[in-house]
There are 2 protein chains.
Amino acid sequence: MKIVVDAYGNDLGPIAPVEASINAIKLYNDLTIVLCGKRKELETNLANFTYDKNRIEIIDAEEVITNEESPTEAVKNKLNSSLVKAFECLKQNEDVAGLVSCGSTGAVLTGAFLKVGRIKGISRPALCPILPTKNGGRVMLIDSGANVDCKPINICHFALLGSTYAKAMFNIEKPRVALLNIGTEDKKGNEFCHECFAELKKMPINFVGNMEARDFLSGDYDVVVCDGFYGNILLKSVEGTALFVMSVLKDNIKSSFKSKLGAMLMKKSLRNVKNTLNYNAYGGAAFLGAKKLVVKGHGASDALAFLKSIEQVRTLYLKDFCKTIEEQLSAIQTGETNG
Amino acid sequence: MKIVVDAYGNDLGPIAPVEASINAIKLYNDLTIVLCGKRKELETNLANFTYDKNRIEIIDAEEVITNEESPTEAVKNKLNSSLVKAFECLKQNEDVAGLVSCGSTGAVLTGAFLKVGRIKGISRPALCPILPTKNGGRVMLIDSGANVDCKPINICHFALLGSTYAKAMFNIEKPRVALLNIGTEDKKGNEFCHECFAELKKMPINFVGNMEARDFLSGDYDVVVCDGFYGNILLKSVEGTALFVMSVLKDNIKSSFKSKLGAMLMKKSLRNVKNTLNYNAYGGAAFLGAKKLVVKGHGASDALAFLKSIEQVRTLYLKDFCKTIEEQLSAIQTGETNG
């Protein structure tokens, strides 16, 4: 199996993706990595390691797409960028299972739309990050921001994608799928939620009803579905609040000698807290519903986070994720006619 | 000035509102408090204090509305409940400035709708909690959940209410008002946001553009406006995430003797963090746009939180909040025709 990795566009440059690729081929004998980016720099970085040279390929790409550019313009015009070349490689080669990028989210989504397309029957692909929960668990959120102004049929597809993803990634037999809402009672929320609720009940998933944002990290749910606008608000407020709490803690630690001493003794605990909150440790956000596997990692991904993203693509490929979705869709006879 | 306080319906019973009322009349010579609830219990609690008996009145009400009841049914049928009697007192007495309750949110909103009504020209009143931000500041969120399926005109009214509130409560000359969105660029978000953005630009407020949920607690904004559905997701995910981070911290502290010792030294700092995150310390959420001032405190409010809520009503009354809103609305010639 081949996986193509966009080695640029991330915050830290090629060091992290190179190290991750080396580790990936050492861990998995079935794997070959294709690195896209500046050939010379990549070769210099690779030279630091001993590895099977047949299992890491390079596609030379001199340009890099940044977060500041218009995603559509960049994907259309920067044909020599690491991301566009990676998508071309994914598109043109049967044996390439999927793509990992930690570059601009907008550009990755645009690339997936333009170069890869949707699984037959999926109305809209969606972004699905994984977050930590209480008691060491995790929860998946779909859609976290790729689609706004969704229709209930989109939400149903997100639910199917998320549920199948949770099964494939974490071997959860009956993932508990909830609808993001402003209360738990069946009739809560706005018009859109009422319609989604009724439609979700008909889907072949373990739909457990409405969930309040307060309980998102409780560990009581495996998959939370919503319009990408709501999902983005939820995801970003979790990020912002976690950072806020840690900064308040930091300020308070600095305020006295006693608490500084206490913090020194708690150093390991505080680092553990930070690690728990770092949801990139689970890998990137999968863009589910695209015809081939695409994982978007955080811009600041280190080698471990890159490796996790590569592992996500590998796991989903081995579980035949895209085909499973297609089969389920044709079985429940929804599909494009409603989309 | 008289302020009526629902002394029941909160989690902790009459002790907190009684103590708060005693403190309030001692702090403010212009104030009389009307306590609604079980007369005998209130008298027993009041007997613990020395105070000017002419300045605390009691309205006997034997029943209590709970969170488990249907708000509409409860407000319509439980005529002898502390909350309904408090609203009757507010409605019938010219000299009663406003109402404080820490009971069921739904019942307080229903009571305000049915018994008090809207300020002339305001399409929908909205709930506006105050949250802590970085560097010891605060941010107001309107609407945090009273209204779903809003129209742009509602959002404009929320902006006017929130901005005027920030001025009145915190003497902020030009409150920075932002629209909750999934990006900061002008054209970001869904159809609804695009319409709201265009309308907000026409309002006589300091509209600073779109804000991402990640920056809600950054201290860069004074008032954040949104549909109550979005606002509720934002508010509750802030609450849930703060609790989550604190629980992860607690679990990690327990994991070793060294970190337990560290936590002991940091006790004061950790308590400060908890206090900072406790946004009820700022008082309750004002229900802005109702014809008279209504403040809904948290169910678990202690005497200090009750006092802060009483102070909110007093401040807004002295600043002639409701009349200011009415005048501004008629000046900008929007009003019911668009609503």
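From a predicted model like this one, the values you see are computed outputs, not experimental measurements.

1. Details of the overall build of chain A
The number of helices and strands found in chain A is 12 helices and 12 strands. The globule rule puts the C-alpha radius of gyration for 339 residues at 20 Å, and the 21 Å found for chain A is close to it. The dimensions of chain A, computed from C-alpha atoms along their principal axes, are 65 × 60 × 35 Å. Within the span of chain A, comprising 339 residues, buried residues form 59% of the whole. Sequence-distant contacts in chain A: of pairs separated by 6 or more residues, those separated by 24 or more amount to 73%. On chain A, roughly 14100 Å² of surface is accessible, and the fraction owed to carbon and sulfur atoms is 49%. Each charge class in chain A was averaged separately, 42 positive and 38 negative side chains, and the resulting centres sit 5 Å apart.

2. Re the interface of chain A and chain B
Of the residues lining the interface, 50 residues belong to chain A; the matching set on chain B comes to 50 residues. Across the chain A to chain B interface the summed buried area is about 4600 Å²; carbon plus sulfur atoms make up 74%. Here chain A and chain B share 4 salt bridges between them. Between B:E239 and A:R214 there is a salt bridge, with the nearest N and O atoms lying 2.5 Å from each other. Counting the contacts that link chain A with chain B gives 15 residue pairs in polar contact (both at pLDDT 80 or more). In terms of residue count, the dominant contributor to the side of chain A that touches chain B is helix 8 (residues 228-254) of chain A (20 residues). Class assignment for the residues of the side of chain A that touches chain B results in 26 nonpolar, 16 polar and 8 charged.

3. Description of the sheet that holds strand 1 (residues 2-6) of chain A
Residue and element names in this part refer to chain A. Taking strand neighbours across the sheet as the criterion, the 7 strands line up as 3-2-1-4-12-11-5 in an open arrangement whose pairing is mixed. Unpaired on one side and paired on the other, strand 3 (56-60) and strand 5 (126-128) mark the two borders of the sheet. Ignoring which end each strand starts from, the neighbouring axes of this sheet average 25° apart. Note that strand 11 (residues 285-288) and strand 12 (residues 293-296) share 2 bridges and pair antiparallel. Of the residues in strand 12, the one forming a bridge with A286 is V295.

4. Concerning the relation of the copies chain A and chain B
Mapping chain A onto chain B calls for a rotation angle of 180° and an axial translation of 0.0 Å; the resulting RMSD is 0.1 Å. Such a combination of turn and shift is consistent with a two-fold rotation axis. Identified as the residue of chain A closest to the rotation axis by C-alpha distance is A:G262, at 1.8 Å. Same-surface contact between copies: 100% of interface residues of chain A are shared with the interface of chain B.

5. Some words on the sheet that holds strand 9 (residues 206-212) of chain A
Residues and elements named next belong to chain A. Across the sheet, 5 strands lie side by side as 6-7-10-8-9; this open sheet has mixed pairing. In this open sheet, the two strands that pair with only one neighbour each are strand 6 (130-132) and strand 9. Sheet twist, expressed as the mean angle between neighbouring strand axes with direction ignored, is 30°. As defined by bridge partners, strand 8 (residues 176-181) adjoins strand 10 (residues 223-225) across 3 bridges and the pair is classed as parallel. Bridged to L179 within strand 10 is V225. Most of the contacts of helix 6 (residues 152-170) go to strand 7 (residues 138-142), to which it runs at about 150°, and overall it touches strand 6, strand 7, strand 8 and strand 10.

6. Overview of the confidence of the model for chain A
All names here are of chain A. Taken as a whole, chain A shows an average pLDDT of 93; of its residues, 97% reach a score of 70 or greater. In the model, residues 335-339 has pLDDT below 50 throughout and makes 7 contacts with residues more than four positions away in sequence or in other chains. Predicted complex, confidence summary: ipTM 0.91, pTM 0.93.

7. Here's the deal with the packing of helix 8 (residues 228-254) of chain B against helix 9 (residues 257-265) of chain B
All names here are of chain B. Between helix 8 and helix 9, whose axes approach to 6 Å, the crossing angle comes to 125°. Looking at the two axes, helix 8 sits oblique to helix 9. Mapping the contact onto sequence places N252, I253 and K254 in helix 8 and S259, K260 and A263 in helix 9.

8. Concerning the nonpolar core
Formed by 192 residues in total, the largest nonpolar core has its most connected members in A:Y165, A:F216, A:V225, B:Y165, B:F216 and B:V225. Looking at this core, the element that brings in the most residues is helix 8 of chain B, giving 13 residues. For B:V225, the residues in contact, after removing those within four places along its chain, are B:I142, B:I155, B:F158, B:A159, B:V177, B:A178, B:L179, B:L180 and B:L200.

9. Considerations on the packing of aromatic side chains
With the rule as written, the count across this model stands at 11 aromatic pairs over all chains. On the numbers, 5.3 Å between centres and 70° between planes, the contact of A:F197 with A:F207 is edge-to-face. Here A:F197, found in helix 7 (residues 191-200), pairs with A:F207, found in strand 9; they are 10 residues apart in sequence, far enough to count as distant. Side by side, A:F197 and A:F207 carry an identical accessibility label, which is buried. With centroids separated by 6.3 Å and ring planes inclined at 70°, the aromatic side chains of B:F192 and B:Y230 adopt a geometry described as edge-to-face.

Calculation rules
Residues numbered from 1 in each chain as written. Chains lettered and ligands numbered in written order. Predicted model: local features only at pLDDT ≥ 70, side-chain atom pairs only at ≥ 80, totals over all residues. Heavy atoms only, no water. Helix = DSSP H or I, 4+ residues; strand = E, 2+ residues; numbered from the N terminus. Rg over C-alpha atoms; globule rule 2.2 N^0.38 Å. Buried < 20%, exposed > 50% of the residue type's maximum accessible area, 1.4 Å probe, protein only. Contact = heavy atoms within 4.5 Å. Areas by Shrake-Rupley, 256 points an atom, 1.4 Å probe, with all protein chains shown as cover. Lys, Arg positive; Asp, Glu negative; His and termini not counted. Charge placed at Lys NZ, Arg CZ, Asp CG, Glu CD. Buried area = accessible area lost by both parts, 1.4 Å probe. Salt bridge = Lys/Arg side-chain N within 4 Å of Asp/Glu carboxyl O. Polar contact = N/O pair within 3.5 Å; in protein donor to acceptor, adjacent residues only side chain to side chain. Nonpolar A, V, L, I, M, F, W, Y, C, P; charged D, E, K, R; others polar. Pairing = 2+ DSSP bridges. Axes fitted to C-alpha atoms, helices over the stretch in contact; angles between N-to-C directions. Least-squares fit on C-alpha atoms with pLDDT ≥ 70 in both. pLDDT = per-residue confidence, 0-100. Parallel < 35°, antiparallel > 145°, perpendicular 65-115°, else oblique. Core = buried A, V, L, I, M, F, W, Y, C linked by side-chain atoms within 4.5 Å. Phe/Tyr/Trp six-rings, centres within 6.5 Å; stacked < 30°, edge-to-face > 60°.

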